There are 2 protein chains.
Amino acid sequence: MGRKPTGRPTSFDIAYAAGVSQPTVSRALRGDRSVSEQTRQKIQQIARDLNYTVDKNASSLRSQRSNTIALLFFEDPTPDESMINPFFLAMLGSITRACADRGLDLLISFQRMEDDWHVKYQDSHRADGLILLGYGDYTTYTPKLEKLVAQGTHFARWGSVSLDSSGATVGTDNVDAGRKVGEHLVGIGKRDIAFLGEADETCPEFLGRYTGLCKVVEDAGLPAPPRFDAITTEEAGYAAAKALLSSGGTCDAIFAASDLIAIGAMRAIAEAGKRVPNDIAVVGFDDIPAASLTTPPLTTVTQDVKGAGETLVEALLAQIDEREVKPRKLPGELVIRGSTTQN
Amino acid sequence: MGRKPTGRPTSFDIAYAAGVSQPTVSRALRGDRSVSEQTRQKIQQIARDLNYTVDKNASSLRSQRSNTIALLFFEDPTPDESMINPFFLAMLGSITRACADRGLDLLISFQRMEDDWHVKYQDSHRADGLILLGYGDYTTYTPKLEKLVAQGTHFARWGSVSLDSSGATVGTDNVDAGRKVGEHLVGIGKRDIAFLGEADETCPEFLGRYTGLCKVVEDAGLPAPPRFDAITTEEAGYAAAKALLSSGGTCDAIFAASDLIAIGAMRAIAEAGKRVPNDIAVVGFDDIPAASLTTPPLTTVTQDVKGAGETLVEALLAQIDEREVKPRKLPGELVIRGSTTQN
DNA sequence: CTGAAAGCGCTTACAG
DNA sequence: CTGAAAGCGCTTACAG
C-alpha cells in the first residue's frame, strides 16, 4: 500500500484503502449515524490498522471547535514565586480527570493578575473556553471578569458564588461551612473565637466563612469574633496570630480562613507558649495534605474537590453550548482532628 | 471598515486595512526580517488595534508545528486514586513556567501505566513533543519508552539518568545525593542505617540513592544497610518501618527514599515508642512542603526543581530540532532539619 | 447512504 | 521587499 511514502496517514489514505470517499471516512470515524454500519466498521478497522488519528489542527480549524479547555491559575505575584496553594493543585487533578472523561484536552497556564487572560487562548482558538482558578485580590479580578463577559468568552470560575450571578460560577458554600465551624467551636465550649483572614470585598470567600461564623456566635450570645487580616500564606497566618496574641486580647479559639494560615498561626501559638487545643483551639480550611501532619493534626473543612472539577467542566460545556448555567454551591465538610479535641 | 460582519479578524482583514497582501501580514507578524521595518510596524499596529491574534489551528496545520508540549504524568493506579506525589506537582509548576518563557503552550494529562501514551498527542498533532513525569514500576515503563523511540516520537523524561542513554533524560544525581545523606548520618555518629524504598530495577532512582548510601557506609567500615521495600506512599513507609522495627533488628538511622515514605516511617517510630532523632534519625528525599511541618521537621534532599523544568524543556526542544541531546544530571542538596539533629 | 466541491486561516515555496 | 498561488487535513453544506 503505502500511498504516502512518508509521514502519518490522512483520511485520504483510509478512504483509498477502504474504497470510499474521504468525507465518508470523516463521517464514519466520528460515528455519524448516516454511514452504514458495515462501512463504518470497515473504515474503523482500517483506521486502527494504519494507526490513523484525526489531525486535531485540521479538524479544529474546519469545525471551529477545539474540544480543548484552558485552565488558568491566577494569583497575586508572590515574593518567592513558588508556592501554589495545594488546594488548587488538588483541583487541577480533579479538573484533569473530568476533562479526560469527556474527551477534552486541557491546556494549562499560570497567570499573573496583571496579564491579559482573554487574549491568549480563546482568541487564538486554542480552547473553546476557560476555567479560572485562583486567589488574590478580588477587586482587581472583577474588572477582568467583566471584560471576558463583554468579549463573549466562555468561562467558568471557582470562587464565591453569592456576589456574582454571572453564570458559570462554582464554589463551596462558605457561609454554611463557616457556620459548621462555629457550631463545632461553640459546641466544645469555646467562647472567645478570633478569625484570621482577609474578610472583606477583596476576598468574598473568606468573607463568607467569617459571616457564617459570626451568625453562630451571635446566636449563642457571645461577643463578635475579631478579625485579623491575612492572605493565604503561612507567613501571613503567623503574623496575624502574632498580632492577635500580642494585642493583649484573649481568645480560646482561632478560625483561620485557610490551612496555610492556620499552620502559620499554630507556629505563633507555640512560640507564645500556649497549647493547642486546650488554650487555643485552631480550625483551618481546605484540608490540604499537610493538615493531617501538623502537631496536633488540624481540624479543617474539606471542600468537594472532585465534585468541583466535574461541576466546573460541566458548567463550562453548558455555557459553550449556550445552555442555561446556574451558579452552583457545593457543601463543605468539617473534619475534626486534634487541634480542637484532645484525645 | 468591518470587512467581516461577525467573528474575529483574520490576516486578510489586517492586510486589507494595511493595504498589503495577506502573506505579508503573516510575515510581518512573525517578525520576518524580509518585511520592511515600516510595513512591519504598520501591520503590527493594526493587528493590535483590531485585537488580532493568529489562529493557532490554521498556523499549526500549515506549518506542521504546534509550539505545544504535552506533559504526561503517569503513575501506577493507586487504590485511592488521589494523591499525586507533591514533588511532581512542583515540577509541573516549573515546567509550566519554562514553557511560558518560551512561548510554548502546555497540554497536560494524567496517564495510567496501561494507557497508550504515544497515540494521544503526538499522533493527533496537538503537541510537538512529550515530557514524561512519573513514578511507578520501571520495568513496565521501559517497553513503552522503546515504543516511543521506535515511533520517532520526541520526548524528554525525568528519571534515572544512568541506566538509560537514550537521549533526553534529566534527573537528579541520585547516587551522589545518597552519598551526601550517608555522609551526614555517619558524620553525626550513626552506625546502623536502614534504607526504606524499593531499590531494585523497578525503581532505578531509589536504587541510585541506596547505592550512594552503601558506598559511604562501606567506606566507613560499617555493616551494609538493610533494605525494606516501600513504594512512594505514606502507608508503604509506615508498613516498611513497622517491618523494620519488629524484625528485632536494631537501627539508629533510617534513610527513606522519599519524604512520603519518611513521614509514614516517623509515624511507625512514634508508635514504637522511639524518639526521632535520638533513638532513630530519619532522612527523606524530595523536600515536599510537608517535610518542614513534621515533628521534628524532616531532614531531606532538595532536588533542583526549577533547573529540572528548564532542562527538560530545553532537552525536548533540542530533540525536536534534531540537535544533539545528552542526558543531564542535576545535583541534589541536603537540607538538615530536626529529624537528624537535636537543638 | 454516499460523493464532489468548497473552504476553515494560515505558511511556504516560487516569482519578480 | 512583496504578491499570486497552492495546500496543510479535515468538516460541512449540497446533491443525488
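Residues numbered from 1 in each chain as written. Chains lettered and ligands numbered in written order. Predicted model: local features only at pLDDT ≥ 70, side-chain atom pairs only at ≥ 80, totals over all residues. Heavy atoms only, no water.

Enquirer: Give me the lowdown on the relation of the copies chain A and chain B, citing residues and values where you can.
Expert: Two copies of one chain are present, and they are related through a rotation about an axis combined with an axial shift. Screw-axis analysis of chain A against chain B gives a translation of 0.0 Å along the axis, an RMSD of 0.0 Å, and a rotation angle of 180°. On this basis, the relationship between the two copies can be described by a two-fold rotation axis. In this assembly, 100% of the residues forming the interface of chain A have copies in chain B that are likewise at the interface, indicating an isologous arrangement. (Least-squares fit on C-alpha atoms with pLDDT ≥ 70 in both. Contact = heavy atoms within 4.5 Å.)

Enquirer: Can you break down the protein's contact with DNA strand C residue by residue, with the values?
Expert: By nearness alone, 28 residues border DNA strand C, and Arg27 and Arg62 of chain A together with Gln22, Ser26 and Arg62 of chain B come closest of all. Atoms of DNA strand C within 4 Å of the protein: sugar and phosphate make up 57%, bases the balance. Between DNA strand C and Arg62 of chain A there is a distance of 3.5 Å, counted from a base oxygen to a backbone nitrogen or oxygen. Taken together, the elements giving at least two residues each to the surface near DNA strand C come down to α2 (22-29) and α4 (56-63) of chain A together with α2 (22-29) and α4 (56-63) of chain B. (Near = heavy atom within 4 Å. Polar contact = N/O pair within 3.5 Å; in protein donor to acceptor, adjacent residues only side chain to side chain. Helix = DSSP H or I, 4+ residues; strand = E, 2+ residues; numbered from the N terminus.)

Enquirer: Give me the lowdown on the pattern of salt bridges, citing residues and values where you can.
Expert: Scanning the model with the defined rule gives 36 salt bridges over all chains in all. One salt bridge connects Arg102 of chain B with Glu314 of chain B, and the closest N-O pair in it is separated by 2.7 Å. Here Arg102 of chain B, found in the loop between α5 (86-101) and β2 (105-112), pairs with Glu314 of chain B, found in helix α12 (residues 305-320); they are 212 residues apart in sequence, far enough to count as distant. The network of salt bridges with common partners includes Arg65, Asp128, Asp321 and Arg323 of chain A. (Salt bridge = Lys/Arg side-chain N within 4 Å of Asp/Glu carboxyl O.)

Enquirer: Residues and numbers for the packing of helix α10 (residues 234-246) of chain A against helix α11 (residues 259-271) of chain A, please.
Expert: Residue and element names in this part refer to chain A. In the contact formed by α10 and α11, the axes pass within 6 Å of each other and the chain directions differ by 45°. It follows that α10 is oblique to α11 by the angle criterion. Crossing angle aside, the handedness with which α10 passes α11 is right-handed. On the side of α10, the interface is formed by Glu234, Glu235, Gly237, Tyr238, Ala241, Lys242 and Leu245, while α11 contributes Leu260, Ile261, Ile263, Gly264, Ala265, Arg267, Ala268, Ile269 and Glu271. Looking at the contact of α10 with α11, its residues break down into nine nonpolar, two polar and five charged. (Axes fitted to C-alpha atoms, helices over the stretch in contact; angles between N-to-C directions. Parallel < 35°, antiparallel > 145°, perpendicular 65-115°, else oblique. Left-handed = near helix turned anticlockwise from the far one by under 90°. Nonpolar A, V, L, I, M, F, W, Y, C, P; charged D, E, K, R; others polar.)

Enquirer: Describe the side chain of Thr299 of chain A, with residues and values.
Expert: All names here are of chain A. Turning to its location among the elements, Thr299 is positioned in the loop between β9 (281-283) and β10 (300-302). For Thr299, the side chain forms a polar contact with the main-chain nitrogen of Arg337, separated by 2.7 Å. Within the structure, the side chain of Thr299 is placed 2.8 Å from the side chain of Thr340, a separation counted as a polar contact. Residues contacting Thr299, with those up to four places away along its chain left out, are His184, Val282, Val283, Gly284, Leu334, Val335, Ile336, Arg337, Gly338, Ser339 and Thr340.

Enquirer: Can you lay out the environment of Asn51 of chain B for me, pointing to particular residues and giving the numbers?
Expert: Residues and elements named next belong to chain B. The topology assignment puts Asn51 in the loop between α3 (37-49) and α4. What makes Asn51 partly exposed here is its relative accessible area of 44%. Sequence separation between Asn51 and Ala236 is 185 residues; the distance between their C-alpha atoms is 54 Å. (Buried < 20%, exposed > 50% of the residue type's maximum accessible area, 1.4 Å probe, protein only.)

Enquirer: Describe the side chain of His184 of chain A, naming the residues involved and giving the relevant values.
Expert: All names here are of chain A. Summarising the element assignment, His184 is placed in helix α8 (residues 174-187). The class of His184 is buried, set by a relative accessible area of 11%. Apart from the residues lying within four places of it in its own chain, the contact partners of His184 are Thr299, Leu334, Ile336, Thr340 and Thr341.

Enquirer: Explain the UniProt feature "domain: HTH lacI-type" (unreviewed entry) in chain A to me, using residue names and the numbers behind them.
Expert: When the UniProt feature table is mapped to this numbering, "domain: HTH lacI-type" (unreviewed entry) covers residues 9-63 of chain A. With 67% helix and 0% strand, residues 9-63 of chain A has end C-alpha atoms that lie 20 Å from one another. (UniProt positions renumbered as here; feature names shortened; annotations may be inferred.)

Enquirer: Summarise the protein's contact with DNA strand D; cite the residues concerned and give the values.
Expert: Lining the immediate environment of DNA strand D, one finds 28 residues, of which Ser11, Gln22, Ser26 and Arg62 of chain A together with Arg27 of chain B sit closest. Counting only the atoms of DNA strand D that lie within 4 Å of the protein, the sugar and phosphate share comes to 58%. Here a phosphate oxygen of DNA strand D and a side-chain polar atom of Tyr52 of chain A are 2.7 Å apart. For DNA strand D, a base oxygen lies 2.5 Å from a polar atom in the side chain of Arg27 of chain B. Broken down by secondary-structure element, the contributors of at least two residues to the surface near DNA strand D are α2 and α4 of chain A together with α2 and α4 of chain B. It is α4 of chain A that provides the largest number of residues to the surface near DNA strand D, a total of five residues.

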